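Take a look at the letters that make up each chain.
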Amino acid sequence: MAVSTNVNAPKPSTGLSAELGKRFRSNIQTYTIILALIAIWILFAVLTNGAFFTAQNVSNLFRQMTVTSFLAIGMVFVIVTGNIDLSVGKLAGFVSVVAAYFQANVWYQMIPDQPLIAAILSVIIGVGVGVLFGVLQGYIIAFLNVPAFIVTLGGMFVLNGLILLVTQGKTIPANQPYFSEIAQGYLPPIAGWIIAAIVVVFLFWNMFRSRQSRARHGFELSNLGLELIVTIFFSLLVIGYVYWVNQYRGVQTPVLLLAITAMIMAYISNNTRFGRYAYAIGGNREAARLSGINIRRSIFLIFILMGLLSGIAGIVLASYVGYGTTAAGQGYELDAIASAILGGTSTLGGVGTVFGALIGSLIMSSLTTGLQMLNVAPAWQYLVKGGVLVLAVYADVYFKKNR
Amino acid sequence: MSEDIILDIRNVTKRFPGVTALDNVSIQIRRGEIHGLCGENGAGKSTLMKILSGVYPHGDYEGTIIYDGKELNLGVGAIRQAREEGIAIVYQELTLVPNMTVGENVFLGKEPVERGAIDWNKLYADTRDILAKYRLEVSPQSVVKYLGVGKMQMVEIAKALSENAKILILDEPTSALTESEIDKLMEILENLRSHGVTCIYITHKLEEFFRITDSVTILRDGRTVATLPTRELTQEKLVSYMVGREMKERFPRSHRKPGEVIFEVNDLHAVDPNETNRKVLNGVTFNLRRGEILGIAGLMGSGRTELVTTIFGEYGKITRGSIKLEGEEIHVSDARDAMHKGISLVPEDRKGQGLVLMQSILKNISLANLDQFSGFMRIDGDAELAAATQQARALAVKAPNLQVRVDSLSGGNQQKVVIAKWLLTNPKILIMDDPTRGIDVGAKYEIYKLMNDLAERGVSIIMISSELEEVLGMSDRIMVMHEGRSTRTLEIAEATQERIMALATGIADELVAA
Ligand SMILES: Nc1ncnc2c1ncn2[C@@H]1O[C@H](COP(=O)(O)OP(=O)(O)OP(=O)(O)O)[C@@H](O)[C@H]1O
Ligand SMILES: [Mg+2]
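Residues numbered from 1 in each chain as written. Chains lettered and ligands numbered in written order. Predicted model: local features only at pLDDT ≥ 70, side-chain atom pairs only at ≥ 80, totals over all residues. Heavy atoms only, no water.

Q: I tried to follow the coordination of the magnesium ion (ligand 2) on my own but got confused; where do I start?
A: Between any two of four tetrahedral donors, the ideal angle at the metal is 109.5 degrees; between two of six octahedral donors, it is 90 or 180 degrees. Residue and element names in this part refer to chain B. Within the protein, the atoms that donate to the magnesium ion (ligand 2) are S46 (OG) and Q92 (OE1), at distances of 1.9 to 2.2 Å. Placement of the pair is S46 in helix α1 (residues 45-52) and Q92 in the loop between β6 (87-90) and α3 (102-106), with a sequence separation of 46 residues. Residue Q92 is classed as buried on the basis of its relative accessible area, which comes to 14%. (Donors = N, O, S within 2.8 Å, 3.2 Å for Na, K, Ca; no water. Helix = DSSP H or I, 4+ residues; strand = E, 2+ residues; numbered from the N terminus. Buried < 20%, exposed > 50% of the residue type's maximum accessible area, 1.4 Å probe, protein only.)

Right, here's the structure in full:
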């Protein structure tokens, strides 16, 4: 923690439990949501007699959460700046039908018998479509000053129309060999272990590097034991995950893709000017402007980023379901918004984390999977999800007040 | 006891995570007196007042408060309850709803109702009466956000007065008021005192204690140092009680020699960008030398803030005249551009323009300076923290660490964060719009020293201040504005309070021909 500038402030205690307590209090929001997740998991594990935790089910659960997670990550940035994007579900849907269309109708004529190149081109085109749409919406929002709610609401209608135009109301298959691997593939177990090893080494390296750098700047170092415990805990989490999914078919490619994306985005949100500016704009637009921040540019870039992530989500979606349909991506924007908010993103702007959104998204997909396993009717699934959303946010408000 | 004690605060302690804001505080307040409360930034003054007004209800603090003979026990709906018990407060920070009218604000939460619907006519008529009673020249129908800060503050006071309170709490009511508005407030307070209303009065302008209060309690680091009748106090004594040591002088004087002229404003005319037929500047001419502190004096509404925000590219639309930096004419398009050219502005309104309240001290200090700490992509978090720590130290920001949110700081410490942020930008020209508002005497002194240091290092400073003493104490020259125009620029040797006031009010016929 920072050096105290107040002579009379109590000396920060360096006892392990005291620091753990401090850390817990300062991150209460994240912990509330993680506790909620664990509670939900235990509940389902009990109700399904452990079937919820089988390797196969865990593997599917994580695979299933990827599409909305990409959207939720982007949504964090959008909501943090005080905006909203209602078009992301339909945009992902549109990207998925475009990718399907090219596979079904174009590549076999243009580049027959080149499935790898066809898959790569499908990805490029899909992501490109997402980015382009983000550029368009971002331009209207940032430079023409039309509120994001309206622009993206309009965008949702437009995309719905475009989806119908491309599909002509029919379902288009998207099951080319390489393309399918994007969301349905698994890494061989050994590759999973190598990745786990790399992550663990990185975690430790990062811990020591940041301690060194803090020491170089003459800051007080926090308790080494505590940092070790935290690092070891996360390492075990990664190792445990890899071990468990390896019991089934290995680390899922879309989950790997999501993890990499999330890490990049988390890094951007904390360690780059772009990220900082997003939070400042959402926190106090006027103060941000007077600090010399180019607000239009920031918002423009954020919608492009949202477009990019919608593009990725669309590709994963097409690969996951294996076809593009008129209903593709329907309602995903709401799942994404709910995930972000569950994860602690403030609808008032200025607050939110990528990590939180991932946990939020994991809660949403845990609910879906768990309730399906219990054969709960879809109607009741909606009721439960809605209730959990409001309850979770209330719990958060409650804990904050009674800290 | 023979004395009639209306409020007996006994051993009150209030803790926040990491800070003990009030530590066993005891104060007795007599019925009908004006009781001053004095202390450094973060001493706990506002916190104590928030306990009285129910922001922190019973159970949120330790100790007892006896109000009017019985224990003050504010529970659910504490704020409303306090109001009904006759405790009215004007908070340190403005709490008006900007998009509502004056009338709506005054009656917010207690709107007159006629058969289930708000009786607007009564609401506006009552507002008009209240405003008239205290001779406040504001229309009940005007929307609050278009009023200046001073007017807003007066509306806030009117709102509190409309409650028919037994105790009126004023937390730094004058920090945004002009001299004449302060005079008006003093009159109102004397009038209330003669009607038996008790008043608790907080300010950092020490002379006001001597002007209006009957007794003063001094708080230091959350503890009561002393309660004394005002007539037994002197400014020096008050200061030494507050800061715990003697302070010889209020303004450090440095012997510097300003260099050549680096910034010139010539016959600047500008209009309000939203209403282009409203003129805000009608001919401002002045220059600024390297390493000089130029004070800008003037009444509220004389265009001082408009002038500096126009220079900063953030407000007025320039219709005539020129601005030259180092001999070359410049056109500043916005804040970003201004900063690129080496001009920084410490804005007037810390909450609205200076700070991102929900973020940490660290992030606020570095916000305008991230380029310094960034490579192509990455922000060097440690370099950032080191620089921010240094600034926070230099300004004695009182906080457990730099990760705490700025909205948990006392008002004066928030202001220090704003100043720290802008000092870090390393400007050639630093414009400060009322930089020491709400800051205690000790910290002011530190800021003045920093300003002197900067000037000695060749930074040119433009300082707006509503406190004439401060302008006189710190400036090398003083430019006086009157109705959007610059009048004479006085050398410090020839400047006196009277002369500045004469120019500012337009009595003196010293206007420089444009
Ligand atoms: N909501 C809060 N959370 C945490 N700490 C707080 C909170 N409110 C106040 N504090 C701390 O309590 C202390 C007293 O603050 P308070 O606002 O009462 O000071 P003050 O005497 O009014 O100062 P100023 O003259 O600057 O207005 C400060 O150290 C402040 O940081
Ligand atoms: Mg205060």
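Q: Please clarify how the side chain of A:E333 should be interpreted in this entry.
A: All names here are of chain A. Its place among the elements puts E333 in helix α14 (residues 332-342). Salt bridges are absent for the buried E333, whose nearest opposite-charge side chain, K90, sits at 7.1 Å. Polar contacts involving the side chain of E333 include one to the main-chain amide nitrogen of G89, which spans 3.5 Å. (Lys, Arg positive; Asp, Glu negative; His and termini not counted. Salt bridge = Lys/Arg side-chain N within 4 Å of Asp/Glu carboxyl O. Polar contact = N/O pair within 3.5 Å; in protein donor to acceptor, adjacent residues only side chain to side chain.)

Q: Just to check I follow, could you spell out the nonpolar core for this structure?
A: Generally speaking, a soluble globular protein has its nonpolar side chains buried in company with each other. Residues and elements named next belong to chain B. By size, the foremost hydrophobic cluster in this structure holds 175 residues, and its most contacted members are F263, V284, F286, L307, I361 and M451. Other than its neighbours up to four places away in sequence, M451 contacts I293, M432, I461, M463 and M474. The next biggest cluster of nonpolar side chains, apart from the first, holds 37 residues, and it includes L96, M154, L177 and M186. (Core = buried A, V, L, I, M, F, W, Y, C linked by side-chain atoms within 4.5 Å. Contact = heavy atoms within 4.5 Å.)

Q: I'm lost on the sheet that holds strand β16 (residues 317-325) of chain B in this one. Help?
A: Think of a sheet as strands paired side by side through backbone hydrogen bonds, with each pair either parallel or antiparallel. All names here are of chain B. With antiparallel pairing, the four strands of this open sheet are ordered in space as β14-β13-β16-β17. In this open sheet, the two edge strands, each paired with only one partner strand, are β14 (279-289) and β17 (328-329). The pairing of β16 with β17 spans two bridges and is antiparallel. Counterpart to L325 in the pairing with β17 is E328. The sheet strands contacting helix α9 (residues 304-311) are β13 (261-271), β14 and β16, and the helix crosses β14 at an angle near 70 degrees. (Pairing = 2+ DSSP bridges. Axes fitted to C-alpha atoms, helices over the stretch in contact; angles between N-to-C directions.)

Q: Would you mind going over the packing of helix α5 (residues 115-143) of chain A against helix α7 (residues 177-184) of chain A with me for this structure?
A: Each packed pair of helices is defined by two parameters, the angle between the axes and the distance between the axes. All names here are of chain A. Where α5 contacts α7, the two axes come as close as 7 Å, and the packing angle between them is 55 degrees. As far as their axial angle goes, α7 and α5 are oblique. In this structure, α5 contributes P115, L116, A119, S122 and V123 to the contact, and α7 contributes P177, Y178, F179 and I182. Per-class residue counts for the contact of α5 with α7 are eight nonpolar, one polar and no charged. (Parallel < 35°, antiparallel > 145°, perpendicular 65-115°, else oblique. Nonpolar A, V, L, I, M, F, W, Y, C, P; charged D, E, K, R; others polar.)

Q: Looking at this model, I keep getting lost on the pairing of strand β18 (residues 343-346) of chain B. Mind explaining?
A: Each regular strand shows side chains that alternate between the opposite faces of the sheet. Residues and elements named next belong to chain B. Going residue by residue along β18, you find I343 and L345 tucked away on one face and S344 and V346 tucked away on the opposite face as well. In this structure, β18 lies alongside strand β19 (residues 429-433), joined through four bridges in parallel fashion. Within β19, the position partnered with I343 by the bridge is I429.

Q: Explanation requested: the packing of aromatic side chains in the structure shown.
A: The full count for this structure, using the stated rule, is 18 aromatic pairs over all chains. Between A:F77 and A:F274, the ring centres sit 6.4 Å apart and the planes meet at 20 degrees, which makes this aromatic pair stacked. Here A:F274 lies in helix α11 (residues 273-283) and A:F77 lies in helix α3 (residues 55-80), a separation of 197 residues in the sequence. Neither A:F77 nor A:F274 differs from the other in exposure class; each is buried. Arranged with centres 5.5 Å apart and planes meeting at 70 degrees, the rings of B:F16 and B:Y56 form a pair that is edge-to-face. Taken together, the positions of B:F16 in strand β1 (residues 5-16) and B:Y56 in the loop between α1 and β4 (62-67) put the pair 40 residues apart, joining distant regions of the chain. Since its relative accessible area comes to 28%, B:F16 is described here as partly exposed. Members of the aromatic cluster, each reached through a chain of ring pairs, are A:W41, A:F44, A:F52 and A:F53. (Phe/Tyr/Trp six-rings, centres within 6.5 Å; stacked < 30°, edge-to-face > 60°.)

Q: I'm lost on the pairing of β4(B) in this one. Help?
A: All names here are of chain B. Across five bridges, β1 lies against β4 in antiparallel orientation. Each bridged residue has a counterpart across the sheet, and for R10 the counterpart in β4 is T64. Following β4, the chain reverses through two residues before pairing antiparallel with strand β5 (residues 70-71); D68 in that reversal takes a positive phi of roughly 55 degrees.

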